[in-house]
Amino acid sequence: MFTERILKRVEPIWASYLEHPFVKGLGDGSLEKEKFQFWLKQDYVYLIDYAKLMAIGSAKAPDLRVMGIFSKLLHGTLFMEMDLHRSYAKQFGISESESEATEAASVNTAYTSYMLNHAQRGGAEHVTACLLACAWSYNYIGNHLAEQDGALDDNNPYRDWIETYSGEAFTELMNDAIALMDELAEGMPERVLADLEEIIVKTSYYEYMFWEMCEFKAHWDIPVK
Ligand SMILES: Cc1ncc(CN)c(N)n1
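Residues numbered from 1 in each chain as written. Predicted model: local features only at pLDDT ≥ 70, side-chain atom pairs only at ≥ 80, totals over all residues. Heavy atoms only, no water.

Looking at an unreviewed UniProt entry, one finds the chain named Aminopyrimidine aminohydrolase and attributed to Macrococcus psychrotolerans. Per UniProt, the chain has the following entry under Pathway (unreviewed entry): "Cofactor biosynthesis; thiamine diphosphate biosynthesis." (UniProt positions renumbered as here; feature names shortened; annotations may be inferred.)

Before going further, it helps to spend a moment on the overall build of the chain. Across its full length, the chain holds ten helices and zero strands. Element order for the chain, N to C, with α for helix and β for strand: α-α-α-α-α-α-α-α-α-α. Taking 2.2 N^0.38 as the reference for a compact globule, 225 residues should give roughly 17 Å; the C-alpha atoms of the chain span a radius of gyration of 17 Å, in line with that estimate. The principal-axis extents of the C-alpha atoms in the chain amount to approximately 50 × 45 × 30 Å. Taking all 225 residues of the chain together, 52% fall into the buried category. Surface summary for the chain: the accessible area is close to 10,600 Å², and the carbon and sulfur share equals 54%. Looking at the chain, you have 19 positive and 36 negative side-chain charges, and the mean spots of the two groups are 6 Å apart. (Helix = DSSP H or I, 4+ residues; strand = E, 2+ residues; numbered from the N terminus. Rg over C-alpha atoms; globule rule 2.2 N^0.38 Å. Buried < 20%, exposed > 50% of the residue type's maximum accessible area, 1.4 Å probe, protein only. Areas by Shrake-Rupley, 256 points an atom, 1.4 Å probe, with all protein chains shown as cover. Lys, Arg positive; Asp, Glu negative; His and termini not counted. Charge placed at Lys NZ, Arg CZ, Asp CG, Glu CD.)

Our focus in this paragraph is the nonpolar core. In this structure, Phe-36, Trp-39, Tyr-50, Trp-161 and Trp-211 are the most contacted members of the largest nonpolar core, which totals 79 residues. Examining the composition of this core, we find that 14 residues originate from one element, helix α7 (residues 124-146), more than from any other. Residues contacting Trp-161, with those up to four places away along its chain left out, are Leu-26, Phe-36, Trp-39, Leu-84, Tyr-88, Tyr-138, Ile-141, Leu-145 and Trp-211. (Core = buried A, V, L, I, M, F, W, Y, C linked by side-chain atoms within 4.5 Å. Contact = heavy atoms within 4.5 Å.)

Moving on to helix α2 (residues 21-28). Among the residues making up α2, those that are buried are Phe-22, Val-23, Gly-25, Leu-26 and Gly-27. Along its buried surface, α2 packs onto α1 (2-18), α3 (33-60), α7, α8 (159-166) and α10 (190-215). Directly beyond the C-terminal end of α2, a positive phi value near 80° is found at Gly-29.

To continue, consider the UniProt feature "domain: Thiaminase-2/PQQC" (unreviewed entry) in the chain. The UniProt record annotates "domain: Thiaminase-2/PQQC" (unreviewed entry) at residues 8-213. End-to-end, the C-alpha atoms of residues 8-213 are 26 Å apart, and along that stretch the chain is 82% helix and 0% strand.

Written as structure tokens, this is what we have:
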């Protein structure tokens with residue numbers, strides 16, 4: 001299976017997320033509120049562009065069934081995953097319009113532009129490669145954090161985050177994305193598989209950079225005089 005080969009390649013990158021202070025802070029509840037608020041707003045606009053990937057995937061789908069899979073992923077992003085953000089935003093005093101109007105920071109812009117560029121230039125298999133690390137690595141993080149002592153205690157403010165990304169609904173979407181990747185990669189020449197692998201590795205690096213961006217609340221921080 002193509003995704004088995006992928007997992008071997010990206011797991012060391014994903015393991016580094018578990019050591020990242022932002023991710024550790026989600027797990028033990030020590031993450032500063034301001035850093036989480038930064039993630040919440042940046043991730044909201046990230047997910048708007050991420051959902052557009054699936055709309056592109058639907059348009060490029062080889063048949064109605066695959067079109068339906070992209071559409072399910074799109075619906076899950078807008079109305080399941082983003083509900084988590086809306087619920088946290090309410091808790092943290094951020095309005096929906098403020099979240100939606102957030103200016104994407106530099107790393108966020110680079111990451112979504114990278115994915116949308118490859119999705120527009122390639123076929124449905126490239127679109128799927130673009131969205132895979134995002135879904136899969138959050139589930140990987142959610143599952144690891146859920147196993148940690150105290151992570152799911154009532155007094156961890158990030159418990160809902162961990163429960164969502166390790167939960168059944170998100171796992172189902174991730175499994176759909178993995179199965180779709182394997183199906184579309186089947187029979188593709190090595191040249192194409194190498195391109196797909198490159199996209200998944202690069203998006204995995206972008207995932208790390210996104211955590212780093214949120215840890216330092218980095219925006220477009222160039223000291224212009
Ligand atoms: C940056 C990022 N990467 C992944 C996910 C999980 N869909 C997310 N919400 N945000």
